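# Structure assessment
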Amino acid sequence: MPATLRNIFRVALRGEALLTNPHFNKGTAFSLEERRDFCLGGRLPSKVATLDEQCQRAYDQLNSQESPLHKNGFLQSLKDQNRVLYFALLSKHLRELIPIIYTPTEADAIANYSHLFRRSEGMYLTFPNQDSMEEDFLEQTRGREIDLVVCSDAEAILGIGDQGVGGIGVRKPPNVISSAKSSIYTLLAGVNPARSLAVTLDVGTDNDSLLNDELYVGWSNKRIRGEEYDAFVDKFVQLVRKYHPHSLLHFEDFGTANAYRLLEKYRNEHAVFNDDIQGTGAVTLAAVMAAIGVTKTKLSDQRFIIYGAGSAGLGVARQIRDAMVLIDGFPVGEANKRFWMIDRYGVIKESLGPSKIRPELEEFTRPDDEWVNVQNSDNQVGLLDAVRQVKPTVLIGCSTHNGAFTEDVIKEMAKGTERPIIFPLSNPSRLVEVDPKDANDWTNGKALLATGSPFPPCKMPNGKNYVIAECNNALIYPGIGFGAVVSKSKTLTDSMIIAATRRLASLSPALKDPDDGLLPDFGDSPGVNLEVAIAVAEQAVEEGRAGIQCQKEDVRRLVTDAQWKPLYAEYVYDANGEKE
Ligand SMILES: NC(=O)c1ccc[n+]([C@@H]2O[C@H](COP(=O)([O-])OP(=O)(O)OC[C@H]3O[C@@H](n4cnc5c(N)ncnc54)[C@H](O)[C@@H]3O)[C@@H](O)[C@H]2O)c1
Ligand SMILES: O=C(O)C[C@H](O)C(=O)O
Ligand SMILES: [Mg+2]
């Protein structure tokens, strides 16, 4: 695909084939020479437009769309026509358009935009077709160098659950979550879109409304689990390793149990990354570090209640715990005791037993004798009782339970700590545990807040605006992935992720002004992710994981030079040139 630094590009497509290939199409921006050499003469109106003019026209058209969902559909169609224009437009209006192509609108696109399937994007690997998996994989990737593979089995899409291949015939194609995450890699970190691959692993769905819909475009079958599932995923992972050994393999929105197992299984043999576990852990740790900078306390001084002990909740707990050990020199056992995890059965405590406590949660399981005075008849301890007893300094929501942080909960928390740190992280916006405006009002502006989806600023009692930091893994995962890709890192280590987190935390606006947002604004996210990528690649070089030969001092230039930018290259016809 055309890239900034390769101004001249040899292309083997002509005429209609060129105009209908989104990687090469420039529409009205083809120069007169190109129109002549590529048989485009009669196919375009006469004026040669600049990319800026095309952006302006596309932006005007976008604004005539009435709702975020319609805008999302318009942008998808632009992406299908002209990738450079799509990314150029997004880059120009980043703050405004990220929520349209990504959280929160993307969730609504998956859930609501049924029956409008138009065009597929990326790769679908379906369980019953596994015998031809290698052939299917090579069909789309032969001759291509792939840096990044984003895959999902769509069992736990954001907070909206099992979406099969991604909602019924969604207008945004069913690869929606992997392709949205891939687009963010390009937009915010500079991954070349022609070198990334979005994959849906279709192992069926347990969502009855999908199974009962005859227009469902995925494999209409109950989800495959157990050994058959593992063998299918393994077949795919081994193909990635065989044909693209230096790629980063990103797992998105897998069900919790699979998410943890797969990460542990593959993390020592390939550069794999689970965004919901590691990306969320990293961005949340950065936000916590910024918040304790405001309260002038240490990580190990905090008491954490984490509400929702799935992929994200446990990822957050582990990441913060590891930082406590690394930064404050706290023993692991002591650090674990700073966490109270809550899930559907209340506080995770010993007597819940193995049927309700997944093995990964064991290290954070609380003793029963803590709760003798508070548990209810079901042997469960709810959030309000837990807050009353624990007096948490930090409350994090990853539960998908909208409204769980009630006024009572928030006010109770504010009794026990001067500046409650409250992060309702569930996405999309409609699932947030508390509207940050309410949390701000109920604590008289004392709460330090961050959310997973974008929210407008709140009014502080002094009349100032308080910016609600968007604690979404997109502030860090594109940089983590790109750093691993540029350094050709063989694996992605915990220390590389900590390096990313520290770099992000160092960019917090609250470091300069404690009343400012805890994390950088998403409008600044390309610069932020560049810094993150540099930190990750530097760490990879330093600890000998990098597959490239370079000095740490050279990393900044290498990463910057490797960034793909949405600009048109000049085309020269060559029958042996690029076709895809
Ligand atoms: N801000 C971010 O960057 C970010 C990143 C990842 C996930 N998330 C959000 O966090 C939420 C969880 O995602 P996940 O990937 O961990 O999903 P998950 O399915 O792995 O975990 C959700 C957990 O919440 C529990 N839960 C559900 N209802 C509950 C209730 N009423 N009370 C207590 N616990 C309850 C479930 O049992 C499960 O353990 C989603 O809304 C997702 O969008 C946000
Ligand atoms: O997709 C997002 O916005 C963040 C996260 O990966 C999620 O699952 O909610
Ligand atoms: Mg996710």
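Remember, predicted model here, so these are calculated numbers, not experimental data. (Residues numbered from 1 in each chain as written. Chains lettered and ligands numbered in written order. Predicted model: local features only at pLDDT ≥ 70, side-chain atom pairs only at ≥ 80, totals over all residues. Heavy atoms only, no water.)

### Observations regarding the site of ligand 1
In the vicinity of ligand 1 lie 24 residues, with Thr 256, Thr 280, Ala 312, Asp 343 and Asn 473 positioned nearest. In this structure, an oxygen atom belonging to ligand 1 sits 2.8 Å away from a main-chain N or O atom of Ala 312. Contact between ligand 1 and Leu 425: a nitrogen atom at 3.4 Å from a main-chain N or O atom of the residue. Surface burial for ligand 1 is 88%, taken as the share of its 840 Å² of free accessible area covered by protein chains. Secondary structure elements with two or more residues in the shell around ligand 1: helix H13 (275-295) and helix H14 (311-328). Counted by class, the shell around ligand 1 contains seven nonpolar, 14 polar and three charged residues. Of the residues that make up the shell around ligand 1, three or more belong to each of domain 1 (8-275) and domain 2 (277-472). (Near = heavy atom within 4 Å. Polar contact = N/O pair within 3.5 Å; in protein donor to acceptor, adjacent residues only side chain to side chain. Areas by Shrake-Rupley, 256 points an atom, 1.4 Å probe, with all protein chains shown as cover. Helix = DSSP H or I, 4+ residues; strand = E, 2+ residues; numbered from the N terminus. Nonpolar A, V, L, I, M, F, W, Y, C, P; charged D, E, K, R; others polar. Domains from an automatic or database assignment.)

### As for the confidence of the model for the protein
Residue-level pLDDT values for the protein average 92, and 95% of them are 70 or greater. Counting contacts from residues 113-117, a segment whose pLDDT is below 50, to residues more than four positions away or on other chains yields 21 contacts. Across residues 167-174, confidence stays below pLDDT 50; counting only partners more than four residues off in sequence or on other chains, it has 45 contacts. Taken together, the chains of this predicted complex give a pTM of 0.95 and an interface ipTM of 0.99. (pLDDT = per-residue confidence, 0-100. Contact = heavy atoms within 4.5 Å.)

### Examining the packing of H13 against H14
Packing of H13 against H14 brings their axes to within 7 Å, and their N-to-C directions diverge by 55°. Relative to H14, the element H13 lies oblique. Relative to H14, H13 is oriented so that their crossing is right-handed. Across from Asp 276, Ile 277, Gln 278, Thr 280, Gly 281, Ala 282, Thr 284, Leu 285, Val 288 and Met 289 in H13, the residues of H14 making contact are Ser 311, Ala 312, Gly 315, Val 316, Gln 319, Ile 320, Ala 323 and Ile 327. When its residues are assigned to classes, the contact of H13 with H14 shows 10 nonpolar, seven polar and one charged. (Axes fitted to C-alpha atoms, helices over the stretch in contact; angles between N-to-C directions. Parallel < 35°, antiparallel > 145°, perpendicular 65-115°, else oblique. Left-handed = near helix turned anticlockwise from the far one by under 90°.)

### Notes on the site of ligand 2
In the vicinity of ligand 2, the contacting residues are Tyr 102, Thr 103, Leu 158, Lys 181, Glu 252, Asp 253, Asp 275, Asp 276, Asn 427, Asn 472 and Asn 473. Asp 253 is positioned such that a nitrogen or oxygen atom in its side chain is 3.1 Å from an oxygen atom of ligand 2. The contact in question runs from an oxygen atom of ligand 2 to an N or O atom on the side chain of Asn 473, over 3.1 Å. With the chains in place, 91% of the 270 Å² that ligand 2 exposes on its own is no longer accessible. A breakdown of the residues in the shell around ligand 2 according to their chemical character gives two nonpolar, four polar and five charged.

### Comments concerning the coordination of the magnesium ion (ligand 3)
Of the protein atoms, only Glu 252 (OE), Asp 253 (OD) and Asp 276 (OD) coordinate the magnesium ion (ligand 3), at distances of 2.0 to 2.1 Å. Mapped onto the sequence, the residues coordinating the magnesium ion (ligand 3) show the spacing E-D-x22-D. Remark: Asp 276 occurs in helix H13 and Glu 252 occurs in the loop between strand E5 (248-251) and helix H12 (256-266); sequence separation between them is 24 residues. Like Glu 252, the residue Asp 276 is buried in the burial classification. (Donors = N, O, S within 2.8 Å, 3.2 Å for Na, K, Ca; no water. Buried < 20%, exposed > 50% of the residue type's maximum accessible area, 1.4 Å probe, protein only.)

### A few points about the UniProt feature "binding site: (S)-malate" (unreviewed entry) in the protein
As recorded in UniProt, the feature "binding site: (S)-malate" (unreviewed entry) lies at Asn 427 and Asn 472. Their sequence span is 46 residues, while the largest C-alpha to C-alpha distance among them is just 9.1 Å; these annotated residues converge on one region. Position of Asn 427 relative to the elements: it lies in the loop between strand E11 (421-424) and helix H18 (436-442). Residue classification places Asn 427 among the buried positions, given a relative accessible area of 16%. Apart from residues lying up to four places away in sequence, Asn 427 is in contact with Thr 103, Leu 158, Gly 159, Gly 452, Ser 453 and Asn 472. Position of Asn 472 among the secondary structure elements: in the loop between strand E15 (469-470) and helix H19 (477-486). Non-local contacts of Asn 472, meaning those with residues more than four positions away in its chain, are made with Tyr 102, Thr 103, Val 283, Asn 427, Thr 451, Gly 452 and Phe 522. Within the local environment of Asn 472, its side chain forms a polar contact with the side chain of Tyr 102, the two groups lying 2.8 Å apart. (UniProt positions renumbered as here; feature names shortened; annotations may be inferred.)

### What to know about the environment of Gly 281
Position of Gly 281 among the secondary structure elements: in helix H13. Remark: the alpha-carbon pair of Gly 281 and Ala 317, spanning 36 residues in sequence, is separated by 7.3 Å. When near neighbours in sequence (up to four residues on either side) are disregarded, Gly 281 contacts Gly 315, Val 316 and Gln 319.

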